[in-house]
Amino acid sequence: ARHALVTRQRNRRNAARTHAITTHRAHIMSAWRRACQRAYSAHSATTSTSTTATVAQLDALLKRCELGAPRAPSRIAVGLSGGVDSAVAAWALKQLGHDVTGVLMRNWDGFDERDDDCGYVDDRKSARETANAIGIALDEVDFSRTYWHEVFEPFVGAFASGATPNPDLECNRRVKFGALLRHARERLGAEYLATGHYARIRRSGNHNSMVELLRGVDITKDQSYFLASVTGEALSSACFPLGEALKSDIRDAARALNFTAAERRSSAGICFIGRRPFGEFIGEYVESKAGEFVDVETMRVVPGAEAHRGLASYTVGQRAKIGGAAKPWFVAGGAP
């Protein structure tokens, strides 16, 4: 049996180029503002104040998104997930004058799973509606085989050995900024891959060859941790338009733009588990062996504790839920 351990500046040439880019964007922004004003003017006169405020808020958001976008007009592939963040990221880049193509990934084949397909059908519907609303093409690609071999199988192997892996880190490294980035470059001719992550990139050196991954401005939504394993070479082609923005502003912008993704819930947890308890899911891939709860301080079985269901049912830091205990116990690890 296995035991669960518990415990309590620029030269003239560049200046001229920058001026040209700035002028180009100014024309785009002016056209965008006029389009917004025409659209909102369809409302009654009593909404004129809120209309002006809404246009100003969207304009301010675009300026923040511009800080995370390439300076020169570029061909950018945007990972559209069907959610609100990627929708606004794609919209912002399009408004800033970039050549934008949406890309929807399918990473999990739920055919053999009794639960569902990770909500892919709903995600695809939302992504298609978003692309249509923005006026961009949507490319759909299937990376389920890549995900299985490079993310899921290592995840199961690590879990079986007693580790607590996070598949999102490997998904970002090997799928989004691995397989998807290669697809964007080779099939779509994209110079950058953009996502709706709340993170930032600082570029320096010759031709901005040096990159640093920074936290997003919204500290409550910062996702830099999940991108920490992505290589510097891949990050040099990454673009995070929402890094300087607040989540609340993104949601408000999506509502103002009437995106169907505006009210969709943000994704949380591990996609492929679906709605089932984690222990039930992982038990289908990792053999469960019952064992005792052992106090790491005394290395003795915790008095009164019933046998646990198997290490696969627990993660480090999780409350052990030992019945009748006067104080809470938490999982510190596992031992054979």
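Use the structure listed above.
All values derive from a computational prediction rather than experimental measurement. (Residues numbered from 1 in each chain as written. Predicted model: local features only at pLDDT ≥ 70, side-chain atom pairs only at ≥ 80, totals over all residues. Heavy atoms only, no water.)

K.L.:
I keep staring at helix H5 (residues 144-160) and nothing clicks. Help me out?
P.N.:
Residues three or four positions apart in an α-helix share a direction because the helix packs 3.6 residues into each turn. The largest bend along H5 measures about 30° and falls at phenylalanine 152, with the proline proline 154 one to four residues further on. Within H5, the full set of buried residues consists of Ser144, Tyr147, Val151, Phe152, Phe155, Val156 and Phe159. Following H5 by one or two positions, glycine 162 adopts a phi angle in the positive range, close to 100°. (Bend = angle between axes of the 7 residues up to and from the residue. Helix = DSSP H or I, 4+ residues; strand = E, 2+ residues; numbered from the N terminus. Buried < 20%, exposed > 50% of the residue type's maximum accessible area, 1.4 Å probe, protein only.)

K.L.:
Whenever I open this one, the packing of H5 against helix H6 (residues 167-186) confuses me. Can you help?
P.N.:
Angle between the axes and distance between the axes: these two values describe a pair of packed helices. Relative to each other, H5 and H6 sit at 160°, their axes nearing to 10 Å. As summarised for this structure, H5 and H6 are arranged roughly antiparallel, according to the angle between their axes. With respect to the hand of their crossing, H5 and H6 are arranged in right-handed fashion. Side by side, H5 and H6 meet where Thr146, Tyr147, Glu150, Val151 and Phe155 of the first sit next to Pro167, Glu170, Cys171, Arg174, Val175 and Ala179 of the second. Along the lines of polarity and charge, the residues of the contact of H5 with H6 split into seven nonpolar, one polar and three charged. (Axes fitted to C-alpha atoms, helices over the stretch in contact; angles between N-to-C directions. Parallel < 35°, antiparallel > 145°, perpendicular 65-115°, else oblique. Left-handed = near helix turned anticlockwise from the far one by under 90°. Contact = heavy atoms within 4.5 Å. Nonpolar A, V, L, I, M, F, W, Y, C, P; charged D, E, K, R; others polar.)

K.L.:
Quick question: what am I supposed to make of the pairing of strand E3 (residues 99-106) here?
P.N.:
Residues in a regular strand point their side chains to alternate faces of the sheet. Pairing of strand E2 (residues 75-79) with E3, which is carried by five bridges, proceeds in the parallel orientation. Bridge pairing in E3 links alanine 77 to threonine 101. As for the winding sense of the linkage, the β-α-β connection from E2 through helix H3 (residues 84-95) to E3 is right-handed. As paired elements, E3 and strand E4 (residues 137-142) share six bridges and run parallel to each other. Bridge pairing links leucine 104 to glutamate 140 in E4. (Pairing = 2+ DSSP bridges. Right-handed = clockwise from strand over helix to strand, strands pointing away.)

K.L.:
Help me out: how do you make sense of the nonpolar core in this one?
P.N.:
It is characteristic of soluble globular proteins that their nonpolar side chains tend to be buried jointly. Ranked by size, the top nonpolar core spans 36 residues in total, and within it Leu61, Val78, Val88, Trp91, Leu93 and Ile250 carry the most contacts. Breaking this core down by element, the ones donating at least two residues are helix H2 (48-66), E2, H3, E3, helix H4 (120-134) and helix H8 (247-256). The element that contributes the greatest number of residues to this core is H3, accounting for eight residues. Setting aside residues no more than four positions away along its own chain, leucine 93 makes contact with Ala69, Ile76, Val78, His98, Val100, Ala194, Cys239 and Pro241. Of all hydrophobic cores here, the second largest spans 32 residues; its members include Leu193, Ala199, Phe281 and Ile282. (Core = buried A, V, L, I, M, F, W, Y, C linked by side-chain atoms within 4.5 Å.)

K.L.:
In this structure, what is going on with the side chain of serine 126? I would like to understand it.
P.N.:
Here serine 126 shows up in helix H4. For serine 126, a relative accessible area of 4% gives the class buried. Residue contacts for serine 126: discarding those within four places in its chain leaves Gly82, Thr260, Ala261 and Arg264.

K.L.:
In this structure, what is going on with the state of the cysteines? I would like to understand it.
P.N.:
A covalent bond between the sulfur atoms of two cysteines is what we call a disulfide. A full pass over the atoms with the stated rule returns zero disulfides. Cysteine 65 takes part in no disulfide bond, and the closest cysteine sulfur, belonging to cysteine 239, lies 9.3 Å away. Cysteine 239 sits in the buried class, given a relative accessible area of 1%. (Disulfide = S-S within 2.5 Å.)

K.L.:
I keep staring at the packing of aromatic side chains and nothing clicks. Help me out?
P.N.:
Between two aromatic rings, the relevant description is the distance of the centres plus the angle of the planes. For the structure on display, the rule yields 10 aromatic pairs. With 4.8 Å between their ring centres and 40° between their planes, tryptophan 148 and phenylalanine 152 make a pair best called tilted. One end of the pair is tryptophan 148 and the other is phenylalanine 152, both in helix H5 and four residues apart, which spans about a single turn. Its relative accessible area of 32% is what places tryptophan 148 among the partly exposed residues. Given a relative accessible area of 1%, phenylalanine 152 falls into the buried group. Ring centres 6.0 Å apart and planes at 80° place the aromatic pair phenylalanine 177 and phenylalanine 240 in the edge-to-face group. Of this pair, phenylalanine 177 sits in helix H6 while phenylalanine 240 is found in the loop between strand E8 (238-239) and H8, placing the two residues 63 residues apart along the sequence. Phenylalanine 240 carries the same exposure label as phenylalanine 177, and that label is buried. An aromatic cluster of three or more residues is present, and its members are Trp108, Tyr147, Trp148, Phe152, Phe155, Phe159 and Tyr285. (Phe/Tyr/Trp six-rings, centres within 6.5 Å; stacked < 30°, edge-to-face > 60°.)

K.L.:
I keep staring at the pairing of E2 and nothing clicks. Help me out?
P.N.:
In terms of burial, E2 is a largely internal element, four of the five residues being buried. Sheet topology places E2 next to strand E5 (residues 192-194); three bridges connect them, and they run parallel. In the strand pairing of E5, isoleucine 76 is matched with tyrosine 192.

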